[in-house]
Amino acid sequence: MSAQNTGYRLNQVASDLHIDQFQREEFWPAAYIAGHARHNVSHYLAVSSPIDCVSHGHLGLACTVEVNAAVTAAHEAFLAWRTWPAPKRGLVIKAIAQQVAAQKHALARLIVLEAGKIETEACGEVQEWIDLCDFALGQSRQLHGLVIASERESHNLLEQWHPLGVVGVITAFNFPIAVWAWNAMLALICGNAVVWKPSEKTPLCALACVHLVSQVLQQHGAPVGLLSVVQGDATVGQALVQNPLVPLVSATGSTRMGQAIAPQVAARFGRSLLELGGNNALIVAPSADLSLALPAIVFSAVGTCGQRCTSLRRLIVHHSLIEQVCQQLCQIYSTLVIGDPRDAATLVGPLIDGIALQNMKNKIEEAILDGGVLLTGGQVRVGVPVGHYVQPAIIQMPRQTRVMMEETFAPLLFVLSYRTLDEAIALNNAVPQGLSSAIFTQDQREAAIFISALGSDCGLANVNVGTSGAEIGGAFGGEKATGGGRESGSDAWKNYMRRSTNTINYGAQLPLAQGVDFKIKTE
Ligand code: UN1
């Protein structure tokens, strides 16, 4: 464990971000609705950092009353906001980007303290928010519809996009800011309002974001009810999911969570946008450039302590290289600095909590019973600080067993060997999830097959790039048990709008489509 760190603490960062004003006698607000904090001192959770498990206050929990108040305020705000021309909305998003850039470092430090990720990754996460603002600003002048050739004379057939209303956003602890920002910045640019239920493990990141955005909204005369936060566990999410004034619920989290949410939203004919579990694989082909493949594998497998939905879980190596790759990976793993994420030298911070740690240990035991060989890691790191620190582990497996079918949200990498590309692709695709995948090869034929319809069945399929660390410009999401949603770049904005098809007759006749001749007597 490295010795030096700048030792910044929550009270200091909270004061840099001016959110300390919302704490009352050790209680953080249960909700922040239309610019006002709401407290609940009878129903709360302890707030602590995974770095040292020291409590720094209590988080009041919202109830259905607060959720419904936030949705009502958001709906009112939406009614006004949708009348703003999109490029004018873009100027508000531009100002948000400027504020985020000015507070980038403090926001990153809050992520470090709450999620336990290292500072460079936390800065990258805040950068995703800034990048998404830039993207949304450009999008504000490109919410294009279509003019379609009509089959009727003197007719126009148009397609327009309109905002939906209130978008409910549910996010996970591992990207406490970026994933909300992907959703919120696009939802806002499209003319919607947002009610956000963040993870109860990272409530202060949400408070900092909503405070920053609310100030910008106020400065621009935009309705401050456009963004509210309701804090709490699944019961709070449930109230959001069931509210009929929420036409779209965008949820990021486990497959189990998505399975609970989607039918409820569908039952009231709402839409869901799901970004659920991944179980990502990377293929190392015989021609792979290992000087690229090895660092990509390590970053994807141990970055964010293996707690990204895009983290690498399964490594599929050509049999001719397996010994060399395993040996070199073990050597690199032995150099990883594990410890306090505030230390500049640290590469692997803590797991989010004791449950995650126990889960990783259980999965290692199960894999060994399946015939797996633990090549390195898996030990709990004892020492100061008292967080849930673990050595990233690599297990060589004889075949793809049941334990490899589930997503273990921890730095646990399974290794398999393969002989033919078909076999490697079949292994890649043989899990329930379909988020991210990668191949390292210098053979163009192999690369092209991997990203073709006959190759990876995932939403993200990369060549000579690891499974994690996607840019915001592409559509982000995956297939199968990952939920099918696409967020962030490309045309993901369409998820936050409804399509209106308009047929306009500028002639003096009323021809019917498909040549229907419907003769009525008009005298
Ligand atoms: C997530 O883990 O939910 O591609 C999102 C990546 C990041 C986003 C991960 N840009 O790893």
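This is a predicted model, so every value here is computed, not measured.

Caption draft 1: View of the packing of helix α3 (residues 86-102) against helix α7 (residues 203-219). For the pair α3 and α7, the least separation of the axes is 10 Å and the interaxial angle reads 135 degrees. Taken together, the axes of α3 and α7 lie oblique to each other. When the axes of α3 and α7 are compared, the crossing they make is right-handed. Residues Val-92, Ala-95, Ile-96, Gln-99 and Val-100 of α3 form the contact with α7, whose participating residues are Leu-212, Val-213, Val-216 and Leu-217. For the contact of α3 with α7, the residue count by class is 8 nonpolar, 1 polar and no charged.

Caption draft 2: A look at the state of the cysteines. Per the counting criterion, the structure on display carries 0 disulfides. With no disulfide of its own, Cys-326 lies closest to Cys-330 among cysteine sulfurs, the gap being 6.5 Å. On the accessibility criterion, Cys-326 (6% relative accessible area) is buried.

Caption draft 3: Fine view of the pattern of salt bridges. Scanning the entire structure with this criterion turns up 13 salt bridges. Arg-9 is paired through a salt bridge with Asp-52; the nearest N and O atoms lie 3.8 Å apart. Here Arg-9, found in the segment before α1 (10-16), pairs with Asp-52, found in the loop between β4 (44-48) and β5 (55-60); they are 43 residues apart in sequence, far enough to count as distant. By relative accessible area, Arg-9 is classed as partly exposed at 46%. By relative accessible area, which is 18% here, Asp-52 ends up buried. As a salt-bridge pair, Asp-517 and Lys-519 come within 2.7 Å of each other at their nearest N and O atoms. Considered together, Asp-517 and Lys-519 belong to a single accessibility category, that of exposed residues.

Caption draft 4: Structural view of the nonpolar core. Counting 167 residues, the largest nonpolar core has Ile-19, Ile-96, Trp-129, Trp-180, Met-185, Val-284 and Leu-315 as its most contacted members. If you count residues domain by domain, this core takes at least three from each of domain 1 (64-276 + 487-499) and domain 2 (280-471). The residues contacting Ile-19, other than those within four sequence positions of it, are Ala-14, Trp-28, Leu-110, Leu-204, Leu-207, Ala-208 and His-211.

Caption draft 5: Representation of the packing of aromatic side chains within the structure. Taken as a whole and assessed by the stated rule, the structure comprises 8 aromatic pairs. Ring geometry for Trp-161 versus Trp-493: centroids 5.5 Å apart, planes at 70 degrees, classification edge-to-face. On the criterion of sequence distance, the pair formed by Trp-161 in strand β7 (residues 155-163) and Trp-493 in the loop between β23 (487-488) and β24 (497-505) is long-range, its members being 332 residues apart. Each member of the pair Trp-161 and Trp-493 is classed as buried. Centroid distance Phe-173 to Phe-409: 6.1 Å. Interplanar angle 85 degrees. Geometry classified as edge-to-face. With a gap of 236 residues between them, Phe-173 in the loop between β8 (166-170) and α6 (178-189) and Phe-409 in the loop between β16 (393-396) and β17 (412-418) connect regions that are remote in the sequence. A network of ring pairs unites the aromatic residues Trp-129, Trp-180 and Trp-196 as a single cluster. The ring of Trp-84 carries Lys-88 above its face, with NZ or CZ at 4.2 Å from the centroid. Positioned above the aromatic ring of Phe-175, the side-chain terminus of Lys-117 is 3.6 Å from the ring centre.

Caption draft 6: Broad picture of the site of the ligand. Near the ligand lie 13 residues; those nearest to it are Glu-128, Cys-309, Thr-310, Gly-469 and Ala-470. Between the ligand and the protein, one listed contact pairs an oxygen atom with a side-chain N or O atom of Glu-275 at 3.5 Å. Its free accessible area being 320 Å², the ligand has 99% of it covered by the protein chains. By residue class, the composition of the shell around the ligand is 6 nonpolar, 4 polar and 3 charged.

Caption draft 7: Molecular detail of the sheet that holds strand β12 (residues 271-275). Strand order in the open sheet made by the 7 strands is β3-β2-β10-β9-β8-β11-β12, with mixed pairing throughout. A single partner strand is all that each edge strand has here, and the edge strands are β3 (36-38) and β12. Neighbour to neighbour, the strand axes of the sheet diverge by 20 degrees on average, direction disregarded. Relative to strand β9 (residues 193-197), β8 runs parallel, the two being bridged by 5 bridges. Bridging from a neighbouring strand, Gly-168 pairs with Val-195 of β9. Sheet contacts for α7: β2 (31-33), β9 and β10 (227-230); angle to β10, the most-contacted strand, approximately 160 degrees.

Caption draft 8: Up close: the sheet that holds strand β13 (residues 280-284). The strand order β15-β16-β17-β14-β13-β19-β20 describes an open sheet built from 7 strands, whose pairing is mixed. Two strands lie at the open edges of the sheet, namely β15 (373-376) and β20 (460-463), each paired on one side alone. When strand polarity is set aside, the average angle formed by the axes of neighbouring strands in this sheet is 25 degrees. Bridge analysis of strand β14 (residues 312-318) against β17 gives 5 bridges, and the strand direction is parallel. Bridge pairing in β17 places Ile-316 opposite Leu-416. Lying on the sheet, helix α10 (residues 290-302) is in contact with β13, β14, β17 and β19 (436-440); it crosses β14 at an angle near 155 degrees.

Parameters and conventions
- Residues numbered from 1 in each chain as written.
- Predicted model: local features only at pLDDT ≥ 70, side-chain atom pairs only at ≥ 80, totals over all residues.
- Heavy atoms only, no water.
- Axes fitted to C-alpha atoms, helices over the stretch in contact; angles between N-to-C directions.
- Helix = DSSP H or I, 4+ residues; strand = E, 2+ residues; numbered from the N terminus.
- Parallel < 35°, antiparallel > 145°, perpendicular 65-115°, else oblique.
- Left-handed = near helix turned anticlockwise from the far one by under 90°.
- Contact = heavy atoms within 4.5 Å.
- Nonpolar A, V, L, I, M, F, W, Y, C, P; charged D, E, K, R; others polar.
- Disulfide = S-S within 2.5 Å.
- Buried < 20%, exposed > 50% of the residue type's maximum accessible area, 1.4 Å probe, protein only.
- Salt bridge = Lys/Arg side-chain N within 4 Å of Asp/Glu carboxyl O.
- Core = buried A, V, L, I, M, F, W, Y, C linked by side-chain atoms within 4.5 Å.
- Domains from an automatic or database assignment.
- Phe/Tyr/Trp six-rings, centres within 6.5 Å; stacked < 30°, edge-to-face > 60°.
- Lys NZ or Arg CZ within 6 Å of the ring centre and 35° of its normal.
- Near = heavy atom within 4 Å.
- Polar contact = N/O pair within 3.5 Å; in protein donor to acceptor, adjacent residues only side chain to side chain.
- Areas by Shrake-Rupley, 256 points an atom, 1.4 Å probe, with all protein chains shown as cover.
- Pairing = 2+ DSSP bridges.

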